[in-house]
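# Commentary on secondary and tertiary structure
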Amino acid sequence: MPPILPDIAVRPGTEADLDAIVPLLFAAFHDAPDAEREAAERSKTEPARSVVAVDGGTLAGHLGSFARDLTVPGGIVPAAHVTQVAVAPTHRRRGVLTRMMHRHLADAPEPIAVLWASEGRIYPRYGYGLAAPHLTVRAATREVRLPDGVPGRLRAGTPLSLRTEITEVFEAVRPGRPGWSSRPGAWWDHRLDDAAWIRGRDTALRAVVREGEHGVDGYALWRVTDGENPDNPRISATLVVKELVAATAAVRLDLWRFLFGVDLIAHVAYHRAPVDEPLLYLADDPGWLGTRWEHGLWLRVLDVPAALSARRYPLPVDVVLELTDALLPRNGGRWRLRGGPDGATCERTEAPAALALDVRDLGAAYLGGTPLAALAGAGLIEERVPGTLAPANAAFGWHRAPSMLETF
Ligand SMILES: CC(=O)SCCNC(=O)CCNC(=O)[C@H](O)C(C)(C)COP(=O)(O)OP(=O)(O)OC[C@H]1O[C@@H](n2cnc3c(N)ncnc32)[C@H](O)[C@@H]1OP(=O)(O)O
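Computed from a predicted model, the values in this text were never measured in an experiment. Here the residue numbering is sequential within each chain, running from 1 through the sequence in written order. Only residues with pLDDT of 70 or above have their local features reported here, since the model is predicted, and side-chain atom pairs are shown and tallied only from 80 upward, although totals for entire chains, interfaces and linings are computed over all residues. Excluded from the side-chain calculation are hydrogens and water; included are all heavy atoms of the structure.

## Points about helix α1 (residues 18–28)
When we look at burial in α1, the residues that qualify are Leu18, Ile21, Val22, Leu24, Leu25 and Phe26. What makes two residues a contact is simply this: any of their non-hydrogen atoms within 4.5 Å. Comment: elements are numbered from the N terminus, with helices defined as DSSP H or I runs of at least four residues and strands as E runs of at least two. The elements touched by buried residues of α1 are α2 (35–44), β3 (58–72) and β4 (75–87). Remark: histidine 30 follows α1 within two positions and exhibits a positive phi of approximately 55°. Burial status follows relative accessibility: with a 1.4 Å probe on protein chains alone, a residue under 20% of its type maximum counts as buried, one over 50% as exposed, and anything between as partly exposed.

Structure, rendered in structure tokens:
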């Protein structure tokens, strides 16, 4: 790596940096100028939580962080939602991101940090592990049959007209879904935003809520985008599901049946399906679902005892972990984790370690979606005491794969 630019200052952001942050983001992500989009980006940014790199009077880098909570197995934890990471094209590959990241890791008050990576190879070096991959689905609706469900009453409207029902369902379901982010303050405005720059050439954002015996129990948000089908140009469009939330399996099937049944549609696409997406087991021929595996949410453990005691474990666990953490030495060394379904403690210990791993792999396993045994199979976890991997693997798992509703 070329030497670090000597006169670059790395410091926390301030309100005064906002005017330079948004143009830097647009330049780094190659976005066309758009006043509405710039205003949206500006209103999301929390400059006091940012780290900026300044070269003389010029902003050379930005690392943003939203204060939101994340559902984890059996709990909800404050999580730095790291985002808006950009280095000016004139300053790239000189260690600017590395310096901003070191500062963020040292200063962030939360026990964990999460992010979506533009490129999967950027963040493991900073201790981030892949905690939640996801599937993209592009189902050929005319080839896929779903079983009959229990039809509820469906009510269509604009997302804004159904906002109250949508938010209630989301809040009822969120505590049980590891990987979901809270939506405080203006986050619902951002999520339901249907501005021209988001819509592009697609239809308006459409919404449907489902009502069962006990009231509204699910909703879906979607748009329709044009596609090309040389065999039948009239039936070429793709229905793109932006969000689907259901209180029960039956409700989810009912919503999928509705979306797969919309007329004049060739494909239903869903870009953030969990890896245990029920469609995989419901479709009469899953080969037509057009699934592709993608990396999704990356997680960094910032405070080992706080993070490990904040989640629950489906089975009793009592294990000593030896951790390495090159960037945050306070996390390194031996930790005794004792826990189960009702709570957990994590304390320093001098006892010999059963398992040895890097903090990156702890982050990958933290949401219960990446088995410790899979990481050991990759040679990333060392079983120092024979017979300790299998029970720890079971205890770190969870009955539901982590999932995400949105990138941020
Ligand atoms: C959470 C998010 O916001 S994800 C979005 C990330 N941002 C983008 O993709 C926007 C466009 N890209 C950029 O702005 C910049 O290239 C960044 C932010 C990704 C990297 O910033 P830089 O200052 O160039 O990174 P820095 O010089 O600190 O690199 C540190 C190491 O990571 C490597 N690295 C950084 N970015 C990349 C990349 N995109 N691909 C491969 N390696 C990379 C560097 O080669 C270097 O490795 P080395 O230490 O072995 O030499």
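## Concerning the site of the ligand
In the region of the ligand, 25 residues are neighbours, and Val85, Arg93, Gly95, Thr98 and Ser118 sit closest. Polar contacts, as counted here, are pairs of nitrogen or oxygen atoms within 3.5 Å of one another; within protein the pair requires one atom able to donate a hydrogen and one able to accept it, and residues that are adjacent in sequence qualify only if both atoms are side-chain atoms. Between the ligand and leucine 97 there is a distance of 3.0 Å, counted from an oxygen atom to a backbone nitrogen or oxygen. One of the side-chain N or O atoms of threonine 98 is found 2.8 Å from an oxygen atom in the ligand. Looking at the shell around the ligand, the elements that each hand over two or more residues are β4, α3 (96–107) and β5 (112–116). For the shell around the ligand, the element with the highest residue contribution is β4, accounting for six residues. Among the residues making up the shell around the ligand, the classes are represented as 14 nonpolar, five polar and six charged. When at least one non-hydrogen atom of a residue lies within 4 Å of a molecule or strand, that residue is treated as near it. Residues are grouped as follows: Ala, Val, Leu, Ile, Met, Phe, Trp, Tyr, Cys and Pro are nonpolar; Asp, Glu, Lys and Arg are charged; all remaining types, including Gly, are polar.

## Structural notes on the packing of α1 against α2
Axis definition: a line fit to C-alpha positions, over the contact stretch in the case of helices; interaxial angles, taken between N-to-C directions, run 0 to 180 degrees. Two numbers describe how α1 lies on α2: the axes approach to 10 Å, and their chain directions differ by 120°. With respect to α2, the axis of α1 lies oblique. At the point where α1 passes α2, the crossing takes the right-handed sense. Residues Leu18, Asp19, Val22, Leu25 and Phe26 of α1 form the contact with α2, whose participating residues are Arg37, Glu38, Glu41 and Arg42. What sets the label is the angle itself: under 35 degrees gives roughly parallel, over 145 gives roughly antiparallel, 65 to 115 gives roughly perpendicular, and the rest give oblique. A clockwise turn of the near helix away from the far one marks a right-handed crossing, whereas an anticlockwise turn of less than a right angle marks a left-handed crossing.

## Side note on the packing of aromatic side chains
We call Phe, Tyr and Trp rings a pair once their centres come within 6.5 Å, taking the six-membered ring for Trp, and we label the pair stacked below 30 degrees between planes, edge-to-face above 60, and tilted otherwise. For the coordinates displayed, the defined rule picks out nine aromatic pairs. Ring centres of tryptophan 222 and phenylalanine 258 lie 5.7 Å apart, and the angle between their planes is 75°; this geometry places the pair in the edge-to-face category. In this pair, tryptophan 222 is assigned in strand β9 (residues 215–225) and phenylalanine 258 in helix α7 (residues 249–260), connecting sequence segments 36 residues apart. By relative accessible area, tryptophan 222 is classed as buried at 7%. Residue phenylalanine 258 is classed as partly exposed on the basis of its relative accessible area of 26%.

## So, the domain arrangement of the protein chain
What counts as a domain boundary in this text is fixed by an automatic or database domain assignment. Segmentation of the protein chain into domains returns domain 1 (8–110), domain 2 (146–282) and domain 3 (304–357 + 372–396). Taking the mean C-alpha position of each, domain 1 and domain 3 sit 32 Å from one another. Between domain 1 and domain 3, the residue contacts involve eight residues of the former and six residues of the latter. Between domain 1 and domain 3, the buried area comes to about 540 Å², and carbon and sulfur atoms account for 68% of it. Any Lys or Arg side-chain nitrogen found within 4 Å of a carboxyl oxygen on Asp or Glu counts as a salt bridge. Put simply, domain 1 and domain 3 have zero salt bridges between them. On inspection of domain 1 and its partner domain 3, the count reaches one residue pair in polar contact (both at pLDDT 80 or more). Those elements giving two or more residues to the side of domain 1 that touches domain 3 turn out to be β4 and α3. Considering every element that reaches the side of domain 1 that touches domain 3, the biggest residue donor is α3, with three residues. In the side of domain 1 that touches domain 3, the residues fall into five nonpolar, three polar and no charged. The term buried area refers to how much accessible surface (probe radius 1.4 Å) is lost by two components on association, counted for both of them together.

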